[in-house]
Structures are given as C-alpha cells and as structure tokens.
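Results of the structural survey
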Protein chains: 2
Amino acid sequence: MKQRKIVLSEKELPTQWYNIQPDLPTPLEPPLHPGTGNPVGPDDLSPIFPMPLILQEVSQERFIDIPEEVLEKYLIWRPTPLYRAYTLEKYLETPAKIYFKNEGVSPAGSHKPNTALPQAYYNKISGTKRICTETGAGQWGSALSFCCALFGLECKVYMVKISYNQKPYRRIMMETWGATCVPSPSTETESGRMILAGHPDSPGSLGIAISEAVEAAVTGENSKYALGSVLNHVLLHQTINGLECQKQMAIAGDYPDVVIGCAGGGSNFAGMALPFVRDKINGKDIDIIGVEPASCPTMTRGPFAYDFGDTVQKTPLLAMHTLGHSFVPAPIHAGGLRYHGMAPIVSQLIMDNIIRAEAVPQLETFQAGITFARTEGFISAPETDHAIAMVIREAVKAREEGKEKVILFNWSGHGLVDMAAYEAYLSGQLSDHALPEEEIHRALEDIAPLPKPKQYKPGTIS
Amino acid sequence: MKQRKIVLSEKELPTQWYNIQPDLPTPLEPPLHPGTGNPVGPDDLSPIFPMPLILQEVSQERFIDIPEEVLEKYLIWRPTPLYRAYTLEKYLETPAKIYFKNEGVSPAGSHKPNTALPQAYYNKISGTKRICTETGAGQWGSALSFCCALFGLECKVYMVKISYNQKPYRRIMMETWGATCVPSPSTETESGRMILAGHPDSPGSLGIAISEAVEAAVTGENSKYALGSVLNHVLLHQTINGLECQKQMAIAGDYPDVVIGCAGGGSNFAGMALPFVRDKINGKDIDIIGVEPASCPTMTRGPFAYDFGDTVQKTPLLAMHTLGHSFVPAPIHAGGLRYHGMAPIVSQLIMDNIIRAEAVPQLETFQAGITFARTEGFISAPETDHAIAMVIREAVKAREEGKEKVILFNWSGHGLVDMAAYEAYLSGQLSDHALPEEEIHRALEDIAPLPKPKQYKPGTIS
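Reference entry: report on the structure contained in this document. (Residues numbered from 1 in each chain as written. Chains lettered and ligands numbered in written order. Predicted model: local features only at pLDDT ≥ 70, side-chain atom pairs only at ≥ 80, totals over all residues. Heavy atoms only, no water.)

**Some remarks on the relation of the copies chain A and chain B**
- Mapping chain A onto chain B calls for a screw motion: a turn of 180° about the axis and a shift of 0.0 Å along it, with 0.0 Å RMSD after fitting. Both copies of the chain, as the preceding transformation shows, are related through a two-fold rotation axis.
- Comparing interface residues between copies, 98% of those in chain A also lie at the interface in chain B; the contact surface is shared. (Least-squares fit on C-alpha atoms with pLDDT ≥ 70 in both. Contact = heavy atoms within 4.5 Å.)

**Comments concerning helix 6 (residues 139–150) of chain B**
- Across its 12 residues, helix 6 of chain B extends 17 Å between first and last C-alpha, which sits within 8% of the 16 Å expected from 1.5 Å per residue.
- Burial of helix 6 of chain B is extensive: 12 of the 12 residues sit out of reach of the surface.
- Listed in full, the buried residues belonging to helix 6 of chain B are B:Q139, B:W140, B:G141, B:S142, B:A143, B:L144, B:S145, B:F146, B:C147, B:C148, B:A149 and B:L150.
- On its buried face, helix 6 of chain B is in contact with helix 15 (362–375) of chain A together with helix 3 (68–74), helix 5 (113–125), strand 6 (130–135), strand 7 (154–160) and helix 8 (168–176) of chain B.
- Note on helix 6 of chain B: the residue one or two positions beyond its end, B:G152, has a positive phi of about 65°. (Helix = DSSP H or I, 4+ residues; strand = E, 2+ residues; numbered from the N terminus. Expected span 1.5 Å × (residues − 1). Buried < 20%, exposed > 50% of the residue type's maximum accessible area, 1.4 Å probe, protein only.)

**Describing the environment of B:D307**
All names here are of chain B.
- Its location among the elements puts D307 in strand 12 (residues 304–308).
- Each C-alpha atom, one on D307 and one on D446, is 8.8 Å from the other, the two residues being 139 residues apart in sequence.
- There is a polar contact of 2.7 Å between the side chain of D307 and the side chain of T322. (Polar contact = N/O pair within 3.5 Å; in protein donor to acceptor, adjacent residues only side chain to side chain.)

**Some words on the packing of helix 2 (residues 51–58) of chain B against helix 5 of chain B**
All names here are of chain B.
- Taken N-terminus to C-terminus, the directions of helix 2 and helix 5 make an angle of 130°; their axes are 8 Å apart at the nearest point. Considering their axes alone, helix 2 and helix 5 lie oblique with respect to each other. Residue-level inspection shows P52, L53 and Q56 of helix 2 in contact with helix 5, the latter providing Q119, Y122 and N123.
- Along the lines of polarity and charge, the residues of the contact of helix 2 with helix 5 split into 3 nonpolar, 3 polar and no charged. (Axes fitted to C-alpha atoms, helices over the stretch in contact; angles between N-to-C directions. Parallel < 35°, antiparallel > 145°, perpendicular 65-115°, else oblique. Nonpolar A, V, L, I, M, F, W, Y, C, P; charged D, E, K, R; others polar.)

**Thoughts on the sheet that holds strand 9 (residues 223–225) of chain A**
Residues and elements named next belong to chain A.
- Read across the sheet, 4 strands follow the order 8-7-6-9 without closing on themselves; strand pairing throughout is parallel. Sheet topology places strand 8 (180–184) and strand 9 at the edges, where each strand pairs with a single neighbour. Averaged over neighbouring strand pairs, the angle between their axes works out to 25° when direction is ignored.
- Pairing geometry for strand 7 (residues 154–160) and strand 8, over 5 bridges, is parallel. Note on strand 8: the bridge partner recorded for Y158 is V182. (Pairing = 2+ DSSP bridges.)

**Some thoughts on the packing of helix 11 (residues 232–252) of chain B against helix 12 (residues 267–281) of chain B**
Residue and element names in this part refer to chain B.
- Relative orientation of the contacting elements helix 11 and helix 12 amounts to 60°, with a least axis distance of 7 Å. By the angle between their axes, helix 11 is oblique relative to helix 12. In this structure, helix 11 meets helix 12 at a crossing whose hand is right-handed. Of helix 12, the residues touching helix 11 (which contributes V234, L235, Q238, T239, N241, G242, L243, C245 and Q246) are S267, A270, G271, M272, L274, P275, F276 and D279.
- Tallied by class, the residues present in the contact of helix 11 with helix 12 amount to 9 nonpolar, 7 polar and 1 charged. (Left-handed = near helix turned anticlockwise from the far one by under 90°.)

**A look at the interface of chain A and chain B**
- On the chain B side, the residues contacting the 49 residues of chain A number 48 residues.
- With both chains or domains summed, chain A and chain B bury close to 4,300 Å², and 61% of this area falls on carbon and sulfur atoms.
- Summed over the three residues of chain A that lose the most area to chain B, namely A:M1, A:Y169 and A:T176, the buried surface amounts to 16% of that side.
- For B:R171, the salt bridge goes to A:E423, with nearest N and O atoms at 2.6 Å.
- Across the contact surface, chain A and chain B share 22 residue pairs in polar contact (both at pLDDT 80 or more).
- If you list the elements that add at least two residues to the side of chain A that touches chain B, you get helix 3 (68–74), helix 6 (139–150), helix 8 (168–176), helix 15 and helix 17 (419–426) of chain A.
- A per-element tally of the side of chain A that touches chain B places helix 8 of chain A first, with 6 residues.
- Taken together, the residues of the side of chain A that touches chain B sort by class into 27 nonpolar, 8 polar and 14 charged. (Buried area = accessible area lost by both parts, 1.4 Å probe. Salt bridge = Lys/Arg side-chain N within 4 Å of Asp/Glu carboxyl O.)

**Thoughts on the sheet that holds strand 4 (residues 82–84) of chain A**
All names here are of chain A.
- Strands sit in the order 1-4-5-15-10-11-14 across an open sheet of 7 strands; the sheet is mixed. With partners counted over all chains shown, the strands left at the sheet margins are strand 1 (5–6) and strand 14 (356–360), one partner each.
- Taken together, the 3 bridges between strand 10 (residues 258–262) and strand 15 (residues 406–411) define a ladder with parallel strand orientation. Bridge pairing in strand 15 links I260 to F409.
- Its contacts with the sheet place helix 15 against strand 5 (97–102), strand 14 and strand 15, and it is angled at close to 90° to strand 14.

**Description of the packing of aromatic side chains**
All names here are of chain B.
- For the structure on display, the rule yields 37 aromatic pairs over all chains.
- A centroid spacing of 5.9 Å and a plane angle of 45° characterise the contact between F49 and Y225, whose relative ring orientation is tilted. Linking F49 in the loop between helix 1 (42–45) and helix 2 with Y225 in strand 9 (residues 223–225), this pair joins segments that are 176 residues apart in sequence. Grouping residues by exposure puts F49 and Y225 together as buried. (Phe/Tyr/Trp six-rings, centres within 6.5 Å; stacked < 30°, edge-to-face > 60°.)

**What to know about the pairing of strand 7 of chain A**
Residues and elements named next belong to chain A.
- Within strand 7, 6 of the 7 residues are buried, leaving the element largely enclosed by the surrounding structure.
- Sheet topology note: the strand 6 (residues 130–135)/strand 7 ladder contains 6 bridges and is parallel. When the bridges of strand 7 are listed, T133 appears paired with V157.
- In this region the chain leaves strand 6, passes through helix 6 and returns to the parallel neighbour strand 7; the handedness of that crossover is right-handed. (Right-handed = clockwise from strand over helix to strand, strands pointing away.)

**Overview of the pattern of salt bridges**
All names here are of chain A.
- Under the criterion given, the structure shown has 42 salt bridges over all chains.
- Salt-bridge contacts for E394 lead to K405; the nearest nitrogen and oxygen are separated by 3.7 Å. Note that E394 is positioned in helix 16 (residues 382–401) and K405 in the loop between helix 16 and strand 15, a separation of 11 residues in sequence. Each member of the pair, E394 as well as K405, carries the same accessibility label: buried.
- One network of salt bridges, with partners in common, ties together D287, R356, E358, E394, K397 and K405.

**Looking at the side chain of A:D23**
All names here are of chain A.
- Take D23: it is sitting in the loop between strand 2 (16–18) and helix 1 (42–45).
- One polar contact links D23 to Y18, side chain to side chain, over a distance of 2.7 Å.
- Here D23 is in contact with Y18, R62, R278 and I281, once residues within four sequence places are set aside.

**Things to note about the environment of B:L88**
All names here are of chain B.
- By secondary structure assignment, the location of L88 is in helix 4 (residues 86–92).
- C-alpha of L88 to C-alpha of G290: the two residues are 202 residues apart in sequence and 21 Å apart in space.
- Aside from chain neighbours lying at most four places away, what touches L88 is I98, T371, F372, T375 and E376.

**A look at the environment of B:I281**
Residues and elements named next belong to chain B.
- Counting through the fold element by element, I281 comes out in helix 12.
- Overall, I281 belongs to the partly exposed group, its relative accessible area being 31%.
- Here I281 is in contact with D23, P25 and I354, once residues within four sequence places are set aside.

**A closer look at helix 12 (residues 267–281) of chain A**
Residue and element names in this part refer to chain A.
- Over its 15 residues, helix 12 runs 19 Å from end to end, which matches the ideal 21 Å to within 8%, given 1.5 Å per residue.
- At A273, helix 12 is deflected by roughly 45°, the largest bend along its length, and proline P275 occurs up to four residues later in sequence.
- Of all 15 residues that make up helix 12, 11 are buried, and the element is covered over most of its length.
- For helix 12, the complete set of buried residues consists of S267, N268, F269, A270, G271, M272, A273, L274, P275, F276 and V277. (Bend = angle between axes of the 7 residues up to and from the residue.)

**Quick notes on unusual backbone geometry**
- In this structure, the amide linkage connecting A:S184 to the following residue, A:P185, adopts the cis form with an omega of 10°.
- Tracing the sequence through the fold places A:P185 in the loop between strand 8 and helix 9 (190–198).
- The omega torsion across B:R78 and B:P79 is -10°, close enough to zero to call that bond cis.
- Relative to the assigned elements, B:P79 resides in the loop between helix 3 and strand 4 (82–84).
- Even without a glycine there, the phi angle at A:N353 is positive, about 55°.
- By the secondary structure assignment, A:N353 is in the loop between helix 14 (344–351) and strand 14.
- Although it is not a glycine, B:H433 adopts a positive phi angle of roughly 55°.
- Within the element layout of this structure, B:H433 appears in the loop between helix 17 (419–426) and helix 18 (437–444).

Take a look at the structure:
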C-alpha cells in the first residue's frame, strides 16, 4: 500500500526556528519612524511589543531556540502531516509528484497559531496581562485568542465591522476561547471615535482596526499589541513549518523542484519557503513561488518602496512591495490576502530574484478548491485555494513538458468556517474583480512623496 | 518534554474491523419486517443495501478484513492521534489520567467517514451509481458526500428542512463535494408530497427524511440507501477507532479504567467501546459509559423493546432501547444525539450489564466544552461535549476518591461548523429542556402494541 502521508513523531519536532536574516544576500532596509523618517530602534517599539520579540525582529542569529513551554504547546497540533496528493496527480494526469503540508489540523484550523503561540508566551514572560490585536475575517484573531487562553492572558480583538456582522463564526470562536471581540471602528478608542464621527456607518477596514488595537495596547495597563504577519519575528516563528517539511521530504526520499504558498502579508508562504530559500542560496535549484490574488497584486504589480503598514499612517514605514497604504482591495473571499503590503523579507527576496510571484484570479482559485476537495477530500480556505490553483498550473505544465517534477505546497488551512464563499462560487455569484491600471496608479500616488529604499524597480538587483 | 499525543504510523493502521456479534453473551434479537412481523432476511434488505453490507450486518466472523481500497483512503485521515489531556487534568486537579482520541481530523471533521467510506466502497463494487440518505444537522450527509466523491458516486441527501434553512454550512460542504442536497419534506418523493399536502409548512424530521431517502433509493435507477448509525455494519466499521486506541494505549503504557463516548444512534460510542467490551467480556475490569442528553434519554429512561427506526413506521423493527418512534426530542444543539432509538448492539450490552449509560443536561455539556477549549485548545462538537461532561464528572470523582484512574474518551468531532450553538450558550439563551415523565409516557404508548423481545426491563439479564 502506498504511503499517503509522512507523520513525524513528537521527538522530531524542530526545537529551533530558522532566521533567514544572516543569510539574506541583501540586508533588509531598516523600518523608519512614521514621524521623523529615521530608522526605528528597539525603544521605539517597546510600548507595543515585549522585548524578546523586538530582539527577534532584528536578530542576526541563524537558529533561535524555541522555549520549552512553547514546544510543549506546539505539540497540541504539531508536527503536522505531509501528504502526497496521489488522487489529484491521477486526476490531472500529471507526471509531477505533488506534496502538501496540512496546517489545518490546529485548533484554529490554520497556520496562524504557529506564531500566535510564541507571541503569547513571550508576552506572558514579559509581564503582559492583555494582548490587543486586529483581525479581518478572523483567522488571526481566533488563533491569538486560542493561544492567549493557553497562557491565561486576556485577549482583545478589534474585528473589521463588516466581517464582524457578516462572518460571526470566527468571532464566536474567539469568545469560546475567552477573548473579547468588538466591531471596529468602535467607540472604545480615540481612533475609532474619530472615524465614527466622520462616518457613523463605516464598515471598517484592517487599517482602522490596526490603529484601534495599537492605541488600546499603548494606553491600556500591562497591554501589548500583536501582529499576525508581515514582520520578521512572525515569519521566523512560521519557519517551524518549512523545517518540518524538510525532514518529511527527506523521509519521502524526494526534494522539491517547486515550492508554492499563498501570500497575503507573507508569513504563511515564508514559513514554508524560507528553509528552502536557504538551500537555494546555498546552490539548490528550486522554483519558489508566492501566490497572490489578481485583484490585490502586491508582489506582481506593486513597486518595492517604503510605505505604511496601515491606512492612517501611524505604523513605521517598511521597505516592501506595496500597492499604497490607501489601496482598497476588491471584496474577494480570501480575506487574508487582502493587504496592500508584503513582508519585507519576502519583498527583498523577490527583488533579489530568489523567489518569484504569481497572481491568480478568484474564479480559478475556487475551481481549484473544488477539484482538491473532490480528489484529496479536504475543503480548503479561500486563501489556500490560491496555492492550489498555482499547483494545478505547474502540474499541468509538467504534464505538457513530460517532466516528473516534485511540487510542494502549503495547505495553510481548512475552509469549514468559510463555506459561504463556496456557496457564492457554486451559485455563480462570484467574479474575478479584474483590477484596472488606473486604480493601481491612483493608490500608488500615495507612495511617491515618501523616502525610497535603495532598490525600487521589481526584478532588479541594486 | 512530556509526550502529548501518540501517533501511529500508516503501517500500524488496523487492517480488520472487529465484529462483536460472535462475542455477545446474549445474541441479538432479529429485526422484524414492519408489515409481517417476521424476521427480516437478506432478500428483504437487498433493495436498499448492497449485499456485502447486508452480509456484514449478520456476520458471525469475529474479524473482517478491510478492503485494500478502503485502507488506502482511510489514510486520508487515519490513524488519528490519541492525546493525553494534561492541561485539563491540571485544571481539574485530578489524579486521573485523561486520554482522548481526536476524530476531528477527518475532512468532514468527525468520526462519520469511518463508515461512510466503506459504505461508498461496497456500493461502488456492487454496481450502485447513486446513494441516497437523510441527514439532520448534516454531519452524516457531509461525510457520505465526501466519501462518494472519492469513489465517483452520486450522492443525494434529504436534509431536515429546519436544519437546511438554519444551518447552511454543512449543506454547502455536501455541494462542494458534489452531492445534491434537498430540504425534506420535498416534492420529489411520494412520502414528501404526502407530508406537504397535510402540512405545507412542515419543518421536517429525521423520520420523514429517512422515508424520503429510502423511497428514492428503492425507486431510483442503480440507487441504494445508506444509514450513518444504529445498524450492526455501521458499528463494525467504526471499530477501527477503538482498535487504534488499543494500540495507542499500549504504547502509552496505560489501560483504561473508564471508557466514555457520547451516543445518539450509538455508532460513535460503540466504535471506540466495542474492542474494550471484548476485553471486558474476557475478564478485564472496565467501566464503559455511553452518554446521552437528559432531554433524549433513550438508554436511561427508554425500555428495551421492538420499535421502528423511523416515525412513519416503514423500517424494520429493531430490538433496542427506545423512547418510542413518535418521540420528538427537544431542540437541543447536539442534533446527532436527538434520536428516539439506540443501536441494538449497544442496547443489548446495556441489558447484559456490560456497559452503562448516563444522561447529562445541555448546560453542563456546553460548560464542559468551554473548559475543554480553554485548556486543551480544541472546540468540540455539541455532541462531543456530552462525553467531555461525563469525563469531568469522572475526573472530579477520582479526585474526591484519591484514585489515579485512567479515563479514555472519544473526541468525536470539532465544533467549528456549530459555533451558533456556542454563541447561544455564551449569551445565556440555552436551557436544559428537562423532560417531564408524562411526555415519555405519551411517546412510549406507541411501543406497547408491538411484539416484545425476550428481555424488557433495563438492567436485568434474561
């Protein structure tokens, strides 16, 4: 009988995260203070993050030990299984071998707890009593709520109001884990009240919710803020996934020719990809592809520039691929991929031509998700469907070229809390939300007055 | 670092199911024809089930080989992990060791595919093109849809109308896997039309949906019917779970003093319990507890009698604990436990004092689910919360008695598609639905005119 999945024992759980910073061919540009434009130092960040996370953000140590208490609780869902997608291969009549990592087995149903757990832990040991955060569709908010429960921390989540009203399930998950979740803009913060004064019916946005969460963290007693993607320490924590994959691929006796992940802020993609990026820097030939929605094409159509992380220009400026902080993505169902920026590490690796990006339209992603569900059995999150669509493209290409490629992708989460999106697709209500050039240009105008990092054009190395 | 879960390799997957029939101290009473009252033979069942399943229903073979194709597809989610609930133990300050089997990792999120998969397989090899079934909240309908997709079978699900309208997520799961799901009563069958003629606004019931599915199977081309619990072959397939548990407990170096599962039709409970029942018959001292809702107390307050499986009296009569086929359970959120009858095998084992039953009220189950989510991390299905409530009672008892008991329970599924139930609980909208004696008496009157099996009173051995 053919082996379908490779399962590591608990003893094989990686005990260190991989930090790519010392291995980057081009060092990261420093974040800049939103007011002064000067590089941000640890002290600037200490009101919002606990010091161990700030130090990880700038660490040049290649491998960082995972604390014992974090390892113990990682075991709730890790190591996660690596699957060989035999049925999908057969359906596609491809000579390619397709592997996927199942990150959907966590209690929150996605990869997000990989960083929520250590973030809760480092806050706990630093004396934080309450963590404040924002969430869009709720993947991150629910993951953080779950991990705060494990460490006895309070958790306050500002959830974009339109999602709060339309997608109650993840909000109830947060409450089941003991967190408090309020619709944003709220009347609880000055930022929220300011927005509501001008727009009483505001549906909210991730940018507004970030402002509220940061304000609540800064003004609250023993409170800190947490971010679920983009930053270096978040990507660091997610590398436990790629490190497991490397062990599992070795057991399978294969090595990937292609590594694929969907990318919103970049942490899910990077979590799997970075350990393979290291191999590539050391000489391996791998095609590493981040997949984004065609309607929010940060990596494929946004320049590499300094920009704010939020709409209201309060966060530090990061050097990254960006569509401009005022860009409002179309209401696609992959809420986790609707972000104007991209993790600086991922952005820099694109600039250095080490990884590449592809954009796929919404309808193709749902068709891919349906194909996956009817072959491999699992119903994927709409975000994950972006990776699957790219896998299918690559597998079909392998068939056309007659090549027995090894494709590895990150199955970042299940879609059981996102069934309304599938219903919309199955009933023909979805569209691709093609993005006109003018709309991008309009949003990009906001970036122009800002200081520019040394490299500007995608695809060139300075 | 303490081991949190015991994970079997794919090679350790059991290759046979355990059939308890040859080991039962009292043989099962035969099912009776609803019209003639005579014992039902294989030919009576052949219009609705394929022959391999009919033969399993009456098999006296102790171990039955699992076909290779079923084993291959079991590997999509099996073997499932066995967890040690350290955090819950600590929270309860109990000397008891608590183990739970995580059946929530299947694509459908529950134990149901354990039997949906072989049922789809045996239908496929018997020439069935389409399987018809009923579903209440949708756990069974979604599991069967998933497994029909794997074998390229059509799947038609009659879903109780009130659930169809109120709980769309599992219906969309079915459609994502390619099944057709219609609200019952429907206009597609004579049974449905008959009900609608009298009650155009009928919210439907499991009894009506069964009638529709059976009718569709009998009248449709190459169509068969499938049932998700109660019958012997369904319990047989579920034993793969208990057989895995036995291997895992041996690896853990423990043997359970107490085995607990929630019981609606009985297959989830029996799937874990029956291999341990065999040990008990062979001399082991184990307390084996089926847990049911206090508002639908089939095992604890229903007599052991011949009764119909459906409301409209079309199915064979089974010798079982029953509240009467006209009993309408309160609208508790554990939809999978709202059934008037109980599997004949489970019922017979209760009569023989080999297993016992306990009933728990709804509020206690949700409180248990919240405790579990905030300690062990996983959000449970409302059905599963019944088992957890009992585990907590037993763990507290162990603390009071100062005994280091080993408790094993079946964590039969996650609750991520049931979050509305948690919201209702958290907002104080739920009640226990205490069941007045008169209501039971009224429903039981329907049983009286029927032929009685040899044993009648619970708790006595004939």
